[in-house]
Amino acid sequence: MSSHPRTDSRRTRALKLSGLGAIAVLALTGCSQEVRNGWMPIGDSAPTDNAQQIMDLWVGSWVAALVVGLVAWGLMLWCMVAYRRRKNEVGYPRQVAYHLPLEIFYTIVPIALVVSLFFFSERALTQIIPRHENPDVTIQVIGKQWAWDFNYVDDDVYYSGTQAHLNTDGAEGVEETLPTLYLPVDSDVEVELSSRDVIHSFWVPAFLEKIDMIPNRTNHMSFHTEREGTFQGKCAELCGEYHSEMLFNVEVVSQAEYDSQMQQLRDQGNSGQLGSEYGRNVNEEPEGAIMRDNPVGSSYDSYNEN
C-alpha cells in the first residue's frame, strides 16, 4: 500500500494551517490601538514612561503565551488527526515510551520560558522603581479617609481635598468637584505617598501603577510625563465605609498651565505645606461640616473634641 496519499493529505493540511496562520498575523497587524495596547486603559499612548515599560512587558508576555498556546494546540490537533483510528484498523497503535529527546525538549522549553519572563520582568522593574535624582517636580500626596491632600513641594503650596459625594440618582457632575492633582508635561515627577490614618493605595489606572500609602511610612513613585491629558484616580485599598468615594483626577498640563494653577493656590491663601499628622477628611458644604452617624465623617475639630 502506497504512503503517497497520506503524505499528500498531510501536506495539504499543513498548507491550510499555514494559510490560517498568515491570515491571523494579518488580522493582528490591522487591529485597533486598544488591541495593540493589550486592552490596557492608557488611551492612544502611554501617559508616562513607566506605563510604556509596563505595557511592553504585558503585551510581550501575552504574545509569548499565545505562541506557546498555538504550538500546543497545533500539536494536539495534529496528533488527533494524524494518529486517529482509521477505517478497518483494529487493536491499539504502536506504543512509544521514553522518548529521551522529546522529554529533554519538554523540560528545557518551560525552563527557558520562565527564565525569559523573569529576565524581562526584572529589567522592567529596574527601570521603573529607581527614583529620580533631580526631579523637575516633587509632590507629596497624603491619603485620608476619604480624600486627598497634595503638597506641591517645589512651589510651597498645597491643596486640601474633600470627599466626593456620588450622586445616588446617577446624574453627572461629581467629577468636576473631585480633588485634582496637576502635573507638568514632559517632566520628571516624584510623588511621595503617605497616609494620615489607615492604609490607602494611590492608583491611576492609566499610569498602570498602584502603590500603597501606609501611616508613618513614605513610599515613592517616580516617572516622566509623556503627554497631556486628564486621568481618573482612586484609592485601591479598602479603607472604610466611604472607600468608593475616595476619588481624584490627575491633569497633565503644559508648564504654563501648571504655573498658573500654582499661582491660583497662592492667591487662595494655600501657601506652605500640610503636615501628615493623624486626621480624617473635612467634609465641608456651604452650610458647614457634614455630620454622619459615625464621627469619622465630621471635621477634624469635631472629631478631636469627641
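Rules and cut-offs
- Residues numbered from 1 in each chain as written.
- Predicted model: local features only at pLDDT ≥ 70, side-chain atom pairs only at ≥ 80, totals over all residues.
- Heavy atoms only, no water.
- Helix = DSSP H or I, 4+ residues; strand = E, 2+ residues; numbered from the N terminus.
- Buried < 20%, exposed > 50% of the residue type's maximum accessible area, 1.4 Å probe, protein only.
- Contact = heavy atoms within 4.5 Å.
- Areas by Shrake-Rupley, 256 points an atom, 1.4 Å probe, with all protein chains shown as cover.
- Salt bridge = Lys/Arg side-chain N within 4 Å of Asp/Glu carboxyl O.
- Pairing = 2+ DSSP bridges.
- pLDDT = per-residue confidence, 0-100.

**Considerations on the overall build of the chain**
The secondary structure content of the chain amounts to six helices and twelve strands. Out of the 306 residues belonging to the chain, those deemed buried represent 33%. If you take every contact in the chain between residues at least 6 apart in sequence, the share linking residues at least 24 apart comes to 69%. Just so you have it, the chain exposes about 19,100 Å², and 58% of that area is on carbon and sulfur atoms.

**Side note on the environment of E228**
By the element assignment, E228 lies in the loop between β8 (219-224) and β9 (229-235). Given a relative accessible area of 46%, E228 falls into the partly exposed group. Along the primary structure E228 and D186 are separated by 42 residues, whereas in three dimensions their C-alpha atoms are 8.7 Å apart.

**Considering the pattern of salt bridges**
According to the stated counting rule, one finds four salt bridges in the structure shown. Its salt-bridge partner being R131, residue E190 comes within 2.9 Å of it at the nearest N-O pair. One end of the pair, E190, is in strand β5 (residues 188-195); the other, R131, is in the loop between α4 (100-128) and β1 (137-144), with 59 residues separating them in the sequence. The partner of R266 in a salt bridge is D155, with the nearest N and O atoms 3.3 Å apart. You can see R266 sitting in helix α5 (residues 255-267) and its partner D155 sitting in the loop between β2 (147-152) and β3 (157-160), a full 111 residues away along the chain. D155 sits in the partly exposed class, given a relative accessible area of 21%. Here the salt bridges share partners, and the residues they tie into one network are K144, D149 and R196.

**Observations regarding the pairing of strand β10 (residues 247-253)**
Judged by how many residues are buried, β10 sits mostly within the fold: six of seven residues are covered. As paired elements, strand β4 (residues 180-184) and β10 share five bridges and run parallel to each other. The partner of L183 across the bridge, within β10, is V252. Bridging between β9 and β10 involves six bridges; their strand directions are antiparallel. Among the inter-strand pairings, Q232 is bridged to a residue of β10, identified as N249.

**A short note on the confidence of the model for the chain**
When pLDDT is averaged across the chain, the result is 79; 74% of the residues are at 70 or more. Considering only residues more than four positions removed or in separate chains, one finds that residues 1-7, a stretch of pLDDT under 50, has one contact. Overall, residues 288-306 carries pLDDT values under 50, and its contacts beyond four positions in sequence, including any with other chains, amount to 38 contacts.

**Points about the pairing of strand β7 (residues 209-213)**
Residues of β7 alternate between two faces, with E209, I211 and M213 buried on one and K210 and D212 left unburied on the opposite face. As paired elements, strand β6 (residues 200-204) and β7 share five bridges and run antiparallel to each other. For V204, the partnering residue across the bridge sits in β7 and is E209. Hairpin connection between β6 and β7: a loop of four residues separates the two successive antiparallel strands, and L208 in this loop has a positive phi of roughly 60°.

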